Amino acid sequence: MGNNISTAFISCPVDPEKTLGIKLPFFVMVVKNMNKYFSFEVQIIDDKKIKRRFRASNYQSATRVKPFICTMPMRMDEGWNQIQFNLSDFVKRAYGTNYVETLRIQIHANCRIRRVYFADRLYTEDELPAEFKLYLPIRGQISTQSAAFAMTSE
């Protein structure tokens, strides 16, 4: 939580000189909507060896594609949301290049984070371990909410 989302964030790796080196194309987060400004950013490298960033936020209304950053609106439902981000598809659609690997991620205020992971493909709820599922096993509540992104050209 924080009043200023530009200064309240977590990043991985912490050292800006290091990289994650993750080649799995699906970035997935299970986060709780706190009904406040929230954004996340994923930095990747493409097959042209260009570092690019994708930023999704719930306070933006239009998608903008610039040479090194693509910003897009994100709609979240009430409560817990599963955000599925197909990095390979977004790199191809925004820049016409191929995704190679994820260098770093930043998650900005305001949300509750339950799980962050990368995958080789999207898995059904039945294929996921309990701790990776969207519903909360403790309460037995099942939810099918997921965040929606708008990726259209201006």
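For the structure itself, consult the block above.
Residues numbered from 1 in each chain as written. Predicted model: local features only at pLDDT ≥ 70, side-chain atom pairs only at ≥ 80, totals over all residues. Heavy atoms only, no water.

**Overview of the environment of Val30**
Then comes step 1: Relative to the helices and strands, Val30 resides in strand S2 (residues 26–33).
Then comes step 2: Judged by its relative accessible area of 0%, Val30 is buried.
Then comes step 3: Sequence-wise, Val30 and Asn81 are 51 residues apart; in three dimensions their C-alpha atoms are separated by 5.6 Å.
Then comes step 4: Not counting the four nearest positions on each side in its chain, Val30 is found in contact with Trp80, Asn81, Gln82, Arg112, Ile113, Arg114, Arg115, Phe132 and Leu134. (Helix = DSSP H or I, 4+ residues; strand = E, 2+ residues; numbered from the N terminus. Buried < 20%, exposed > 50% of the residue type's maximum accessible area, 1.4 Å probe, protein only. Contact = heavy atoms within 4.5 Å.)

**Focus on the sheet that holds strand S9 (residues 111–119)**
Then comes step 1: The strand order across the open sheet built from three strands is S7-S2-S9, with neighbouring strands paired in antiparallel fashion. Since the sheet does not close on itself, it has two edges, and those belong to strand S7 (79–86) and S9, each with one partner. Ignoring strand direction, the axes of neighbouring strands in this sheet form an average angle of 15 degrees.
Then comes step 2: Here eight bridges tie S2 to S7, and the two strands are oriented antiparallel to one another. Across the sheet, residue Phe26 finds its bridge partner in S7, namely Asn86.
Then comes step 3: Relative to S7, helix H1 (residues 87–95) is tilted by about 60 degrees, and along the sheet it contacts S2, S7 and S9. (Pairing = 2+ DSSP bridges. Axes fitted to C-alpha atoms, helices over the stretch in contact; angles between N-to-C directions.)

**Observations concerning the nonpolar core**
Then comes step 1: Counting 25 residues, the largest nonpolar core has Phe27, Met29, Phe38, Phe40, Phe54, Phe85 and Leu87 as the members making the most contacts within it.
Then comes step 2: Elements represented by at least two residues in this core include exactly S2, strand S3 (39–46), strand S4 (51–57), strand S6 (69–75), S7, H1, strand S8 (99–108) and S9.
Then comes step 3: Grouped together as the second largest cluster of nonpolar side chains are five residues, Phe26, Val28, Tyr117 and Leu128 included. (Core = buried A, V, L, I, M, F, W, Y, C linked by side-chain atoms within 4.5 Å.)

**Remarks on the pairing of S4**
Then comes step 1: The pairing of S3 with S4 spans seven bridges and is classified as antiparallel. The partner of Gln43 across the bridge, within S4, is Arg53.
Then comes step 2: The antiparallel pairing of S3 with S4 creates a hairpin that spans four residues between the two strands, and Lys49 there sits at a positive phi of about 60 degrees.
Then comes step 3: Of the strand pairs in this sheet, S4 and S6 are connected by five bridges, and their pairing is parallel.

**Some words on the environment of Cys111**
Then comes step 1: Note on placement: Cys111 falls in strand S9.
Then comes step 2: Judged by its relative accessible area of 14%, Cys111 is buried.
Then comes step 3: Residues Cys111 and Ser39, spaced 72 residues apart in sequence, show a C-alpha to C-alpha distance of 8.9 Å.
Then comes step 4: If we ignore the near neighbours within four places in the chain, the residues touching Cys111 are Val31, Lys32, Met34 and Phe38.

**Focus: the pattern of salt bridges**
Then comes step 1: For the coordinates displayed, the defined rule picks out seven salt bridges.
Then comes step 2: The shortest N-O distance in the salt bridge between Glu41 and Arg53 comes to 3.0 Å. Taken together, the positions of Glu41 in strand S3 and Arg53 in strand S4 put the pair 12 residues apart, joining distant regions of the chain.
Then comes step 3: Judged by relative accessible area, which is 29%, Arg53 ranks as partly exposed.
Then comes step 4: With its nearest N and O atoms 3.0 Å apart, the salt bridge here joins Arg93 to Asp89. Taken together, the residues Arg93 and Asp89, both in helix H1 and four residues apart, mark about one turn of the helix.
Then comes step 5: Taking the relative accessible area as the measure of exposure, Asp89 reaches 30% and is therefore partly exposed.
Then comes step 6: One salt-bridge network, in which partners are shared between bridges, spans Glu41, Arg53 and Arg55. (Salt bridge = Lys/Arg side-chain N within 4 Å of Asp/Glu carboxyl O.)

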